[in-house]
Amino acid sequence: MTQTRCGSNLRAMNTPNKTTPAKAKPITAPDIRAMKNGEKICCITAYDYASGLIADQAGVDLVLVGDSLAMTVLGYENTLSVTVDDMVHHTRAASRGVRRALLVSDMPFMSFATVDRALENGHRLMAEGRAGAVKLEGGMPVAPQIKALTGAGIPVMAHVGLTPQHVAEFGGFKAQGKSAESARALIDDAKAVEEAGAFCVVLEAIPVEVAELVTEAVSIPTIGIGAGNVTDGQILVYNDVLGIFDRFTPKFVRRYAELGTEARKSLEMYCADVRRTTFPSDKNTIYMPEDQLAQVRKIRVKNKKK
Ligand code: KIV
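Residues numbered from 1 in each chain as written. Predicted model: local features only at pLDDT ≥ 70, side-chain atom pairs only at ≥ 80, totals over all residues. Heavy atoms only, no water.

When we look at burial in helix α7 (residues 143-151), the residues that qualify are Ala143, Gln145, Ile146 and Leu149. All buried residues of α7 project into a common sector of 160 degrees when viewed along the axis, lining one side. For α7, exposure combined with an orientation more than 90 degrees from the buried face picks out Lys147 and Gly151. Close packing links the buried residues of α7 with α6 (115-127), β4 (133-137), β5 (156-161) and α9 (180-196). Two residues or fewer past α7, glycine 153 is found with a positive phi of approximately 95 degrees. (Buried < 20%, exposed > 50% of the residue type's maximum accessible area, 1.4 Å probe, protein only. Helix = DSSP H or I, 4+ residues; strand = E, 2+ residues; numbered from the N terminus. Arc of directions from axis to C-beta. Contact = heavy atoms within 4.5 Å.)

Before going further, it helps to examine the packing of helix α5 (residues 84-95) against α6. Packed helix pairs are specified by the crossing angle of their axes together with the interaxial distance, meaning the distance between the axes. The contact between α5 and α6 brings their axes to 9 Å, and the two run at 25 degrees. Judged by the inter-axis angle, α5 sits roughly parallel to α6. The handedness of the crossing between α5 and α6 is right-handed. Across from Val84, Asp85, Met87, Val88 and Arg92 in α5, the residues of α6 making contact are Asn121, Arg124, Leu125 and Ala127. (Axes fitted to C-alpha atoms, helices over the stretch in contact; angles between N-to-C directions. Parallel < 35°, antiparallel > 145°, perpendicular 65-115°, else oblique. Left-handed = near helix turned anticlockwise from the far one by under 90°.)

Now for the nonpolar core. In summary, soluble globular proteins display a tendency toward joint burial of nonpolar side chains. Within the largest apolar cluster, 72 residues are counted, with the highest numbers of intra-cluster contacts made by Ile32, Leu62, Ile146 and Phe199. Sorting elements by how many residues they give to this core places α9 first, with six residues. (Core = buried A, V, L, I, M, F, W, Y, C linked by side-chain atoms within 4.5 Å.)

This model, assessed by the stated rule, comprises three aromatic pairs. Taking the centre distance of 6.3 Å and the plane angle of 35 degrees together, the rings of phenylalanine 173 and phenylalanine 248 count as tilted. Of this pair, phenylalanine 173 sits in the loop between α8 (167-170) and α9 while phenylalanine 248 is found in the loop between α11 (238-241) and α12 (259-275), placing the two residues 75 residues apart along the sequence. Using a relative accessible area of 37% as the deciding quantity, one classes phenylalanine 248 as partly exposed. Both rings, one in phenylalanine 245 and one in phenylalanine 248, keep their centres 5.6 Å apart while their planes meet at 85 degrees; by these two values the pair is edge-to-face. With relative accessibility at 9%, the residue phenylalanine 245 sits in the buried group. One aromatic cluster is present, formed by Phe173, Phe245 and Phe248 through successive ring pairs. (Phe/Tyr/Trp six-rings, centres within 6.5 Å; stacked < 30°, edge-to-face > 60°.)

A separate point is the pairing of strand β7 (residues 222-225). The side-chain alternation of β7 yields two buried faces, one formed by Thr222 and Gly224 and the other by Ile223 and Ile225. On the question of chirality, the crossover connecting strand β6 (residues 200-204) to the parallel β7 by way of helix α10 (residues 208-217) is right-handed. Pairing geometry for β7 and strand β8 (residues 233-236), over two bridges, is parallel. Residue pairing across strands places isoleucine 223 opposite glycine 233, the latter belonging to β8. (Right-handed = clockwise from strand over helix to strand, strands pointing away. Pairing = 2+ DSSP bridges.)

Given below as structure tokens:
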């Protein structure tokens, strides 16, 4: 059977199941690139082995170790404090769980301020972090960095619209592209990152009408988060989807579970069991073989006599 890279054939061949998870062919950046106008591309963030494994087993196409880990995992106010070392550490952990999906690592704030820094840090995320691609925020101004990275063999996912690394400049986490002028600038940014060699582009928190224009204007897939149902794919933050981020839930998030509440309830039950001595029970206890026990009892008696 000839492999079609996009749409349902790729999914039929590659969707993992319980019996053959290790055999699924890993998805590459060119595979994602070829999914433009095909089946919707499903992306999610993950930050470690456990979340990477669960995302991969669920059959997502692309797992992003987002710098949102600054807020979701490390507890910072925004994404600005996360370092390249943090990203390498978490990407490497996620890489042990992600077997089929394309693993993308986010380049932190200022880590791609110059072409040289972009190359040095992109190299680290691929070689030490074991990512299959990197993501960086920004449009036209970072086109030289995207060109250099792709030229060096590092696939780049671009990110325009609400770019959280510009939160100070934007004055908060605010939707972008709401005026005709800023919409035009967004389209130009998306075209610039495509021209520079990005294999796909994230559109964050922009009006659906603008997302549609951008999606039509570029030949690389657009991946929306708060950009309506018109993009080639969607991405959400793992902790938002599962209900384990406590601070706020953006309008564009759909929560599919309340695992934070479930986890807290479970730990309350555990504490109660420990305190009323119903845990551990017989089932959780290790017992000695009878013959060994007799000898151990003798040791205890001897010790007592001393
Ligand atoms: O860091 C992140 O999680 C992201 C996604 C929201 C696209 O950039």
